[in-house]
Amino acid sequence: MVHCDLKFLTDAISKAKDSLVEKTYQAFEQIENPEGPWKNFAGWYDYPQKNGFSELKAIKQYIAGLDEKYNLVLGIGIGGSYLGAQAAYEALTPRYITIKPSLNKNIKPLMFMGQDLSARSMQELLEVLDQYEPMVCVISKSGTTTEPAVAFRIIRAYMEKRYGDQAQNRIVAVTDKSKGALRQLSQKTGYKTFVVPDDIGGRFSVLTPVGLVPLALAGVDVESMMQGADQMFATMKDKNHAVHHYAAARQAAYAQGKKVEALSFSEPSLVKFGEWWKQLFGESEGKNRKGILPMSLLFTTDLHSMGQYAQDGERIIFETFLKFNQIPDAQLLVPSAEDDLDELSYLQMQPIQKINAAAMTATKIAHYDGGLPVIDLTFERLDAKTMGGMFAFFELACALSGIVSGVHPFDQPGVEDYKKNLFAMMGRKGFENLAARLKERL
Ligand code: PA5
């Protein structure tokens, strides 16, 4: 399902990696053990097995029973409460679907709100909604995060004005089973709800209703995604599985001064996957003044921006190439031309996909020769099943790598600091002293 090629690591990193695999596997045993130290945080590990398929069935039933006709889905959430759904949607649906819906009639546009506090962006989105019959999926595990809460207050008002009593049938909430403002609000208004399990944190929740509800509403094949994840989780018990070697190689590279990991891929549809991946690793590992800094590169686009730094800048990067044996619908050839004015005859009748793959390999060798150790991860086929497998693979890799590095991979205490300052600056009750201290400093 996934192959990890470490031929382009340095010898020193390879050796260090080998001695870390055992430690990585011990971390895995802690995750796998339902009574282990991470038992309140590792619900994502066996979620497909335990609840995933039954939850999917409930979601499908809910969608099939909807009386409301809708032609757009609006997901409201931030961080782990939207990035996974956005990553899967972008990777699995045609890129130009909103401009040309006939590209796939089963897929509805899926838009997102609640990830920023930009008035302009919210205003523009409201204008777009006017052109559609929207279905709204509001997602917040805590139910109290400011950005989605503000966005949802705007959308609630919009939906109630537009649909009156029927608005509540066009809104579904994904939140904690009992706690938080969104749960209370849903109870009061009668919104349909799905639950974010207690033992699954936001960035590990894409395979729960957090990702499944918006994706299923939009028509994405979530069944195959769940199967792919389930199969991947089952195979990762093997000590020789790529996940253990990848997690160990990351930590080995970090220990040798490679403090930045670039995830490089050559499909534009994976840009949002890169955002999901960055949040997963960044929020899980960036603690106690340490952690690998995750960045993502789209090839060949970014070779004309960050490529220079990767090739020749400070030697603090190691690179993980994300590749696929098959990309569906990738049949285009470079046309032949009678003249050779553009000097491209050497590429004539060559598949574009082949040139793209060659560009990846050419870059890998150039970067390696320039002093960047490279990990190659190859998945089977860029489709829903593989996407589920990729979510499972990177979730486990992240947890293992974080545990090996000595941090708590499932909390995010650092995110609270800006929130407190914002509460104080905007006059929230209980933050008066902080507000005064901030005012003195500004
Ligand atoms: O990974 C995480 O836990 C975070 O990124 C959260 O998903 C994010 O802060 C949103 O939180 P919530 O779902 O509680 O609104």
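Residues numbered from 1 in each chain as written. Predicted model: local features only at pLDDT ≥ 70, side-chain atom pairs only at ≥ 80, totals over all residues. Heavy atoms only, no water.

Here's the deal with a nonpolar patch on the surface
- A cluster of nonpolar side chains, namely Tyr96, Ile99 and Leu103, defines an oily patch on the protein surface of about 350 Å² accessible area.
- The exposure class assigned to leucine 103 is partly exposed, which follows from its relative accessible area of 41%. (Patch = residues over 30% accessible without salt bridge, like charges linked within 9 Å, V, L, I, M, F, W, Y side chains within 5 Å. Areas by Shrake-Rupley, 256 points an atom, 1.4 Å probe, with all protein chains shown as cover. Salt bridge = Lys/Arg side-chain N within 4 Å of Asp/Glu carboxyl O. Buried < 20%, exposed > 50% of the residue type's maximum accessible area, 1.4 Å probe, protein only.)

Comments concerning the packing of aromatic side chains
- The final tally for this structure, using the stated rule, is 28 aromatic pairs.
- Here phenylalanine 324 and phenylalanine 379 contribute two aromatic rings whose centre-to-centre distance is 6.3 Å and whose plane-to-plane angle is 35°, an arrangement assigned as tilted. Separated by 55 residues along the polypeptide, phenylalanine 324 in strand β9 (residues 317-326) and phenylalanine 379 in strand β10 (residues 374-381) bring together distant segments of the chain.
- With a relative accessible area of 14%, phenylalanine 324 lands in the buried category.
- The buried category is assigned to phenylalanine 379, whose relative accessible area is 1%. (Phe/Tyr/Trp six-rings, centres within 6.5 Å; stacked < 30°, edge-to-face > 60°. Helix = DSSP H or I, 4+ residues; strand = E, 2+ residues; numbered from the N terminus.)

Examining the site of the ligand
- Taken together, 13 residues lie around the ligand, and Ser81, Ser140, Ser142, Thr145 and Gln279 are the ones closest in.
- At a separation of 2.7 Å, an oxygen atom of the ligand approaches a polar backbone atom of lysine 141.
- Residue threonine 145 places a side-chain N or O atom 2.5 Å away from an oxygen atom belonging to the ligand.
- Taken by itself the ligand offers 380 Å² of open surface, and the protein chains cover 89% of this.
- Of the residues in the shell around the ligand, the class split is 1 nonpolar, 9 polar and 3 charged. (Near = heavy atom within 4 Å. Polar contact = N/O pair within 3.5 Å; in protein donor to acceptor, adjacent residues only side chain to side chain. Nonpolar A, V, L, I, M, F, W, Y, C, P; charged D, E, K, R; others polar.)

Observations concerning a negative patch on the surface
- Where like charges cluster on the molecular surface, the negative patch consists of Glu338, Asp339, Asp340, Asp342 and Glu343.
- Looking at the element boundaries, aspartate 342 is found in the loop between β9 and α12 (352-369). (Lys, Arg positive; Asp, Glu negative; His and termini not counted. Charge placed at Lys NZ, Arg CZ, Asp CG, Glu CD.)

Brief notes about the sheet that holds strand β7 (residues 260-265)
- Strand order in the open sheet made by the 5 strands is β1-β10-β9-β7-β8, with mixed pairing throughout. At either end of the open sheet lies a strand with only one pairing partner, and these are β1 (2-5) and β8 (293-298). Direction aside, neighbouring strands of the sheet carry axes that sit 20° apart on average.
- Two elements, β7 and β8, share 6 bridges in a ladder whose sense is parallel. When the sheet's bridge partners are listed, serine 264 is paired in β8 with leucine 297.
- The sheet contacts of helix α10 (residues 271-285) involve β7, β8 and β9, and relative to β8 the element is tilted by about 170°. (Pairing = 2+ DSSP bridges. Axes fitted to C-alpha atoms, helices over the stretch in contact; angles between N-to-C directions. Contact = heavy atoms within 4.5 Å.)

A short note on the environment of aspartate 67
- By the secondary structure assignment, aspartate 67 is in the loop between α2 (47-64) and β2 (72-76).
- Judged by its relative accessible area of 67%, aspartate 67 falls in the exposed class.

So, the pairing of strand β6 (residues 192-195)
- Sheet analysis places strand β5 (residues 171-175) next to β6, joined by 4 bridges and oriented parallel. If you follow alanine 173 over to β6, its bridge partner there is threonine 193.
- A crossover links β5 with its parallel partner β6, the connecting element being helix α6 (residues 181-189), and its sense is right-handed. (Right-handed = clockwise from strand over helix to strand, strands pointing away.)

So, helix α13 (residues 384-405)
- Compared with the 32 Å implied by 1.5 Å per residue over 22 residues, the 31 Å span of α13 between its first and last C-alpha is a close match.
- Within α13, 21 of the 22 residues are buried, which leaves it mostly tucked inside the rest of the structure.
- One or two steps after α13, the chain reaches glycine 406, where phi turns positive at roughly 90°. (Expected span 1.5 Å × (residues − 1).)

A short note on the packing of helix α8 (residues 222-235) against α13
- Closest axis-to-axis distance for the α8/α13 pair is 6 Å, and the angle between their directions is 45°. Comparing their axes, α13 and α8 come out oblique. Crossing of α8 over α13 shows right-handed handedness. Judged by residue contacts, Ser224, Met225, Gly228, Ala229, Gln231, Met232 and Phe233 of α8 engage Ala384, Lys385, Met387, Gly388, Gly389, Phe391, Ala392, Phe393 and Glu395 from α13.
- Residue composition of the contact of α8 with α13, grouped by class: 9 nonpolar, 5 polar and 2 charged. (Parallel < 35°, antiparallel > 145°, perpendicular 65-115°, else oblique. Left-handed = near helix turned anticlockwise from the far one by under 90°.)

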